[in-house]
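# Architecture and fold: a report
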Amino acid sequence: MSNSGIPHSCVYQCACAVPNSEPTSEPVNLTLEDVNDTTVTVKWRPPENIGASGLDGYTVEYCKDGTQDWVVANQELIVSNRYAIKNLTPGDKLHVRVKAINPGGPSAAATLEQPVVVREIVDRPRIRLPRSLRTVFVKKVGDTVNLVIPFQGKPKPQVSWTKDGQPLDLKAVNVRNSDTDTILFIRKSERKDSGKYELTVKVDSLEDKATIAIQIVDLPGPPSSIKLVDVWGFNAALEWTAPKDDGNAEITGYTVQKADKKTGEWFTVLEHYHRLNCTVSDLIMGNAYSFRVFTENRCGLSENAAVTKDLACIQKTGIQYKPPQYKDRDYSEPPIFTQPLNDRAATIGYTTKLLCAVRGNPQPKILWMKNQMVIGEDPKFRQITSQGLCTLEIRKPCTFDGGVYSCKAINPHGEAVVNCKLDVKGEPGWITRCLHPAGTSASDNNRTTSLHCPVQTMHDPLSF
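Residues numbered from 1 in each chain as written. Predicted model: local features only at pLDDT ≥ 70, side-chain atom pairs only at ≥ 80, totals over all residues. Heavy atoms only, no water.

For clarity, the cut-off: UniProt positions are given in the numbering used here, feature names are shortened, and annotations may be inferred rather than shown by experiment.
As named in an unreviewed UniProt entry, the protein is MYBPH protein, taken from Polyodon spathula. Of the comments in the UniProt record for the protein, the one headed Sequence similarities (unreviewed entry) reads "Belongs to the immunoglobulin superfamily. MyBP family."

Listed below in structure tokens is the structure:
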């Protein structure tokens, strides 16, 4: 015992008013936040008038309906504006109030308007099915299936699964449930796991359902049969029937292969083919061929193929190869002058040339003419023809060599002529004609003989 008469093992909490201090106003907006079968949760806002003494905390009290026995729910003051009253008895109807505490003492109480019944509030169950599960969920044989499906509902919903209207085989399928979702797990899927799975979430008399279609697919089987229908030329016609086992998936096509008897190597001739018959072309003459067909679905090609029993023998024929006959192109053409003769002037005593170009097939014969007269083998003229270029060289021309010159080209397909005018001019003091005796005069004492030759000059010439 202490001097005051209070045992040392006892501790008492006293709320004593401090002189000159005033309590705060009551808390405001006291509302019910949540309730279940053992807990009631309330929340509020601080008092509007706290005063100079401040605010130490809050006390939360409750009592049963019809009594005045208020019970303090929190053993110590709380500073939060929210509190959960726990360990309540289901079915009780309770009144709840909150007081604000400061050195001036407790404030007036803020009380809920209506009593609260301690029971779970029913929230309608709802399944939130992921978008990927709203269509057929496809997996290959041996893959893991792990479906997580969230839901909501209060109190905790009852979750149940069925497959095609029957309870699940828990040896093949594992189900794990929580307060917010359910998990369907298959470690190694098989084709027998395919089907429609129905999920039911139930709260009291309310429920929600969702159906999930799961398809476990596998490689298909080979075509049931195959037949070599016909062989002609370099072609073979095949027919086959659909497989008995589609692998639990739609058949997307067929692959056709061939192998010749000599090598035995298989080559693909058709892929993703949709019909049940085909014609294989471009087979090699003299070879014998086998054919096989694979089935294809979304998992791939079948492990085995349907193979033809008979060989397609491409017979050798007595056809002799005749090379195509091609008509030779006719390149023959009459002579055509691609470059005509041009008029020109020459100087007396200086060699000059006349040039032109001609084309024709066969090669034309070239004739040079002066004033419509064939020049022939006159040594004064030199005629040269090389690769269509025709040249007439006139050596040391004089005024008598002027005139109209012509070049004539002739071949079996025709002829062509080009003309030009050559003007020969002399230099000062140049004798334009050879000496010719002009006559003889004689006297008794002396005999004189005169020789005349024309001279072209701009000045009077000197005579000797």
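### Here we look at the overall build of the protein
Applicable threshold: Helix and strand definitions follow DSSP, with helices as H or I runs of at least four residues and strands as E runs of at least two, each counted in order from the N terminus. A simple rule labels every residue: compare its accessible area, found with a 1.4 Å probe on the protein chains alone, to the largest value its type can have, and call it buried under 20%, exposed over 50%, or partly exposed in between. Here, two residues are considered to be in contact whenever any of their heavy atoms come within 4.5 Å of each other. Accessible areas in this description were obtained via Shrake-Rupley with a 1.4 Å probe; residue shielding takes into account the shown protein chains only.
A count of helical and extended segments in the protein gives 0 helices and 40 strands. Counting across all 464 residues of the protein, residues that qualify as buried make up 33%. Sequence separation of at least 24 residues holds for 62% of the intrachain contacts in the protein that already meet a minimum separation of 6. Accessible area of the protein: about 30,300 Å², with a carbon and sulfur share of 48%.

### Considering the sheet that holds strand β10 (residues 123-127)
Here is the rule: At least two bridges found by DSSP between two strands is the condition for calling them paired. Simply put, an axis is a line fit to the C-alpha atoms, just over the touching stretch for a helix, and the angle between two N-to-C directions goes from 0 to 180 degrees.
Spatially, β10-β12-β16-β15 is the arrangement adopted by the 4 strands of the open sheet, whose pairing is antiparallel. Both outer strands of the open sheet, β10 and β15 (174-177), are each paired with one neighbouring strand and no more. For this sheet, the mean inter-axis angle between neighbouring strands, taken without regard to orientation, is 15°. One ladder, built from 4 bridges, connects β15 with strand β16 (residues 181-186); its direction is antiparallel. Its bridge partner lying in β16, N177 is registered against T182.

### Topic: the packing of aromatic side chains
Our working rule: Aromatic rings from Phe, Tyr and Trp, taking only the six-membered ring of Trp, are treated as a pair when their centres fall within 6.5 Å; an angle between ring planes under 30 degrees marks them as stacked, one over 60 as edge-to-face, and anything in between as tilted. Note on geometry: a ring has a charge over it if NZ (lysine) or CZ (arginine) is within 6 Å of the ring centre and within 35 degrees of the ring normal.
Applying the stated rule across the entire model yields 4 aromatic pairs. Relative to Y273, the ring of W240 lies with its centre 6.3 Å away and its plane at 55°, an arrangement referred to as tilted. Pair noted here: W240 is in strand β20 (residues 235-240) and Y273 is in strand β22 (residues 266-273), with a separation of 33 residues, a long-range link. For the pair W240 and Y273, a shared accessibility class is recorded, and that class is buried. Here a set of aromatic residues connected by ring pairs shows up, and it is made of W240, Y254 and Y273. Positioned over the ring face of W70 is R97, at 3.9 Å from the centre of the ring. The residue whose ring lies beneath R176 is F185, and the NZ or CZ to ring-centre distance is 5.6 Å.

### Here's the deal with the side chain of E61
We count it as follows: In protein, a polar contact means a hydrogen-donor-capable atom and an acceptor-capable atom, both N or O and within 3.5 Å, with residues adjacent in sequence counting only if both atoms are side-chain atoms; elsewhere, any N or O pair within 3.5 Å suffices.
Structurally, E61 is set in strand β3 (residues 57-64). One polar contact links E61 to R97, side chain to side chain, over a distance of 2.6 Å. Those residues in contact with E61 that sit more than four places away from it in its chain are W70, V71, V72, A73, H95, V96, R97 and K99.

### Side note on the nonpolar core
Here is the rule we go by: Here, nonpolar core means buried Ala, Val, Leu, Ile, Met, Phe, Trp, Tyr and Cys residues that are tied together by side-chain atoms lying within 4.5 Å of each other.
Counting 22 residues, the largest nonpolar core has W368, Y405 and C407 as its most contacted members. For this core, the secondary-structure elements that each account for two or more residues are β30 (352-361), β31 (365-370), β34 (389-394), β35 (403-411) and β36 (414-425). If one sorts the elements of this core by residue count, β36 sits on top with 5 residues. Each residue touching W368, except ones within four places of it in the same chain, is listed here: L341, L354, C356, M373, V374, I375, Q383, C390, T391, L392, S406 and C407.

### Quick look at unusual backbone geometry
Glycine aside, a negative phi is what most residues show, and trans is what most peptide bonds show. K154 connects to P155 through a cis peptide bond whose omega is -5°. Even without a glycine there, the phi angle at N248 is positive, about 65°. If you trace the backbone, N248 turns up in the loop between β20 and β21 (253-260).

### Looking at the pattern of salt bridges
How we decide: Here a salt bridge means any side-chain nitrogen of Lys or Arg lying within 4 Å of a carboxyl oxygen belonging to Asp or Glu.
Applying the stated criterion across every chain, the model contains 14 salt bridges. E415 serves as the salt-bridge partner of K408, at 3.6 Å between the closest nitrogen and oxygen. For E415, a relative accessible area of 49% puts it in the partly exposed group. A single salt-bridge network, built from bridges that share partners, covers K353, R382, E393 and R395.

### Some points on the sheet that holds β34
Hydrogen bonds along the backbone pair up the strands of a sheet, which may run parallel or antiparallel. An order of β28-β30-β34-β33 is seen for the 4 strands of this open sheet, with the pairing classed as antiparallel. The open sheet is flanked by β28 (333-339) and β33 (381-386), the only strands paired with a single partner. Within the sheet, the average angular offset between the axes of one strand and its neighbour, ignoring direction, is 25°. Strand direction decides the pairing type here: β28 and β30, joined by 4 bridges, are antiparallel. Across the sheet, Q339 pairs through a bridge with A357, a residue of β30.

### Comments concerning the environment of S189
The residue S189 is located in the loop between β16 and β17 (195-203) in this model. Classification of S189 by relative accessible area gives buried; the value is 1%. Each C-alpha atom, one on S189 and one on T144, is 6.0 Å from the other, the two residues being 45 residues apart in sequence. Look past the residues within four positions of S189 in its chain and what remains in contact with it is K140, V141, G142, D143, V145 and I216. Within the structure, S189 has its side chain in polar contact with the backbone oxygen of D143 (distance 2.8 Å).

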